[in-house]
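Chain and residue survey
Here is how the chains run, residue by residue.
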Amino acid sequence: MALTLGAIVLNVPDTGPAADFWREALGLTADPNNPDYLAPPPGTPATSVHLDSTDRTHLDLWVDKETSTPEAEVERLIALGAERVEDWTYPPNADFIVLKAPDDTIFCIIT
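Residues numbered from 1 in each chain as written. Predicted model: local features only at pLDDT ≥ 70, side-chain atom pairs only at ≥ 80, totals over all residues. Heavy atoms only, no water.

1. Focus on a negative patch on the surface
A cluster of like negative charges, contributed by D52, D55, D60 and D95, occupies part of the molecular surface. Along the chain, D60 turns up in strand 3 (residues 59-62). Given a relative accessible area of 33%, D60 falls into the partly exposed group. (Patch = residues over 30% accessible without salt bridge, like charges linked within 9 Å, V, L, I, M, F, W, Y side chains within 5 Å. Areas by Shrake-Rupley, 256 points an atom, 1.4 Å probe, with all protein chains shown as cover. Salt bridge = Lys/Arg side-chain N within 4 Å of Asp/Glu carboxyl O. Lys, Arg positive; Asp, Glu negative; His and termini not counted. Charge placed at Lys NZ, Arg CZ, Asp CG, Glu CD. Helix = DSSP H or I, 4+ residues; strand = E, 2+ residues; numbered from the N terminus. Buried < 20%, exposed > 50% of the residue type's maximum accessible area, 1.4 Å probe, protein only.)

2. Looking at the pattern of salt bridges
Summed over all chains, the structure comprises five salt bridges. Where R84 meets E71, a salt bridge forms, and the shortest distance between an N and an O atom there is 2.5 Å. Within this pair, whereas R84 is found in strand 4 (residues 83-84), its partner E71 is found in helix 2 (residues 70-79), the two being separated by 13 residues in sequence. Its salt-bridge partner being R76, residue E73 comes within 2.8 Å of it at the nearest N-O pair. Remark: R76 and E73 occur in helix 2; sequence separation between them is three residues, near one turn of the helix.

3. Some words on unusual backbone geometry
Here N93, not a glycine, exhibits a phi torsion of approximately 55 degrees, which is positive. Within the secondary structure, N93 sits in the loop between strand 4 and strand 5 (96-100). When its relative accessible area of 79% is taken as the criterion, N93 is described as exposed.

4. Examining the nonpolar core
The biggest cluster of nonpolar side chains holds 19 residues, and the ones touching the most others in it are F21, W22, L61, L77, L99, F107 and I109. Going through the elements one at a time, helix 1 (15-26), strand 3, helix 2, strand 5 and strand 6 (106-110) are the ones with two or more residues in this core. With five residues, helix 1 is the single largest residue contributor to this core. Leave out the neighbours within four places in its chain, and L61 touches W22, L26, F107, C108, I109 and I110. Grouped together as the second largest cluster of nonpolar side chains are six residues, F96, V98, C108 and I110 included. (Core = buried A, V, L, I, M, F, W, Y, C linked by side-chain atoms within 4.5 Å. Contact = heavy atoms within 4.5 Å.)

5. Some remarks on the side chain of E73
Residue E73 is classed as buried on the basis of its relative accessible area of 18%. When sequence neighbours within four positions are dropped, the list of residues in contact with E73 reads V63 and S68.

6. A few points about the confidence of the model for the protein chain
Predicted confidence across the protein chain gives a mean pLDDT of 92, with 99% of residues reaching 70 or more. Per-element averaging of pLDDT across the protein chain places strand 2 (residues 34-39) at the bottom with 88 and strand 4 at the top with 98. (pLDDT = per-residue confidence, 0-100.)

7. Topic: a nonpolar patch on the surface
On the surface, L5, I8, V49 and L51 cluster together into a nonpolar patch covering about 460 Å² of accessible area. With respect to the element layout, V49 can be found in the loop between strand 2 and strand 3.

8. Brief notes about the pairing of strand 6
With five of five residues buried, strand 6 lies mostly within the body of the structure. Going residue by residue along strand 6, you find I106, C108 and I110 tucked away on one face and F107 and I109 tucked away on the opposite face as well. Examined bridge by bridge, strand 3 and strand 6 share four bridges and lie parallel to one another. Its bridge partner lying in strand 6, D60 is registered against C108. Sheet analysis places strand 5 next to strand 6, joined by five bridges and oriented antiparallel. The residue of strand 6 that forms the bridge with K100 is I106. Counting the residues that bridge the hairpin from strand 5 to strand 6 gives five residues, and of these D104 lies at a positive phi of roughly 75 degrees. (Pairing = 2+ DSSP bridges.)

Right under this line is the structure:
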C-alpha cells in the first residue's frame, strides 16, 4: 500500500495553547522542526478511521482500562482545561462522554 494516515488536522484558533493541551492530554511529542506537529510515543497502536454521515469531525479517545478509568481521564483532562459539554444530547446507553478542549475542539472519551 502506498498511503498511510499521516496526521489528523484540527482547526484551532491558536496553535500554541492547543499544542500544550493535546501534548499533555495524549502524551504526544512536538516535532523539533515544527512544534504544531505532535507525534505519538513509539509503539502506540495505529489510529482507526471511523466514518459517520451524521457526526462532525472530532477525536474519539479510548481509555486504556488496565491503567485508568474513563472518569479518571475525564477529570485529568478537566484539570488540563477541558470542559464537559453539558448540553449534549446523548443516545440511550451512550458509551462516550463529550468534552471540549480549551480551544473549543469537541472530543469524546469512549467508556
